[in-house]
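Tertiary structure, described
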Amino acid sequence: MLGTPSIAEADPVTVKNWLDAGEAVLIDVREAAEYQRAHIAGALLVSLSTFDPGRIPQNGEKVVIACAVGQRSATACAHLLNQGFKNLYNLQGGLRNWAAAGLPIEMA
C-alpha cells in the first residue's frame, strides 16, 4: 500500500518572494466571508467547502495553498496531491503567520 505523499510547506517570506517574482499562484481555501474581511493580494478564492481542483491553475508555476492557520490548506493540498498536482506548497501557519511576518494583507 502506498503512503500519502508528504505536503511541502513554505514560510510566508519565501511565498511572498515567489509571488513578487511571478513564480507562484496563491489559492485561498477559506470561506468567502473570511476572504472578504482580509486576504493576501492576488489570492484566488477556492473555498474548501466547495473545493474544485479544476479551478486551480496549472501553468507550471508553484501552487501555494493558504487558509487562516494552515489546517484547511493542508487538507486541500492532500486532495490536490492525490489528483496528481506537482509544485504544491502549504503556506506554513496560514494568514496568521503571514501577518506575524509583517507582510501585507488587504482588509475589507
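Quick note: structure is the one above.
In what follows, the accompanying structure is described. Being a predicted model, the structure only gives us computed values, none of them experimental.

With that out of the way, let us pick up helix α3 (residues 71-82). Between its first and last C-alpha atoms α3 spans 17 Å; for 12 residues at 1.5 Å apiece the expected length is 16 Å, and the two agree. Residues of α3 that are buried: Ser73, Ala76, Cys77, Leu80 and Leu81. End-on view of α3: buried residues confined to an arc of 140°, all on one side of the axis. Residues of α3 that are exposed and point over 90 degrees away from its buried face: Gln71 and Asn82. Against the buried residues of α3 lie β5 (62-66) and β6 (88-91). Just past α3, the residue Gly84 takes up positive phi, approximately 95°.

Moving on to the pairing of strand β2 (residues 24-28). Taking burial as the measure, the five residues of β2 include five buried ones, the bulk of the element. Where β2 lies against strand β4 (residues 44-45), two bridges are found, and the strand directions are parallel. Across the sheet, residue Ile27 finds its bridge partner in β4, namely Leu44.

If you look at the biggest cluster of nonpolar residues, it comprises 16 residues, and the most contacted ones within it are Val15, Trp18, Leu26, Ile40, Val64, Leu91 and Trp98. Of all the elements in the fold, those that place two or more residues in this core are α1 (12-20), β2, β5, β6 and α4 (94-100). Ignoring sequence-local partners within four residues, the contact set of Leu91 consists of Ala10, Asp11, Pro12, Val15, Ile40, Val64, Ile65, Ala66, Gly70 and Trp98. Counting residues in hydrophobic clusters, the runner-up holds 15 residues, among them Ile27, Val29, Phe51 and Cys67.

Next up on the list: α1. Those residues of α1 not exposed but buried are Pro12, Val15, Lys16 and Trp18. Down the axis of α1, the buried set is contained in an arc of 160°. They therefore lie on one face. At its buried positions, α1 is contacted by β1 (9-10), β2, β5, β6 and α4. Two residues or fewer past α1, Gly22 is found with a positive phi of approximately 70°.

In this structure the tally under the stated criterion is four salt bridges. Among the ionic pairs, Lys62 bridges to Glu23, the shortest N-O distance being 3.7 Å. Of this pair, Lys62 sits in strand β5 while Glu23 sits in the loop between α1 and β2, placing them 39 residues apart in sequence. Notably, a salt bridge pairs Arg72 with Glu34, separated by 2.9 Å at the nearest N-O pair. You can see Arg72 sitting in helix α3 and its partner Glu34 sitting in helix α2 (residues 32-37), a full 38 residues away along the chain. Judged by its relative accessible area of 26%, Arg72 falls in the partly exposed class. Among the residues examined, Glu34 registers a relative accessible area of 19% and is labelled buried.

Rules used in this analysis
- Residues numbered from 1 in each chain as written.
- Predicted model: local features only at pLDDT ≥ 70, side-chain atom pairs only at ≥ 80, totals over all residues.
- Heavy atoms only, no water.
- Helix = DSSP H or I, 4+ residues; strand = E, 2+ residues; numbered from the N terminus.
- Expected span 1.5 Å × (residues − 1).
- Buried < 20%, exposed > 50% of the residue type's maximum accessible area, 1.4 Å probe, protein only.
- Arc of directions from axis to C-beta.
- Contact = heavy atoms within 4.5 Å.
- Pairing = 2+ DSSP bridges.
- Core = buried A, V, L, I, M, F, W, Y, C linked by side-chain atoms within 4.5 Å.
- Salt bridge = Lys/Arg side-chain N within 4 Å of Asp/Glu carboxyl O.

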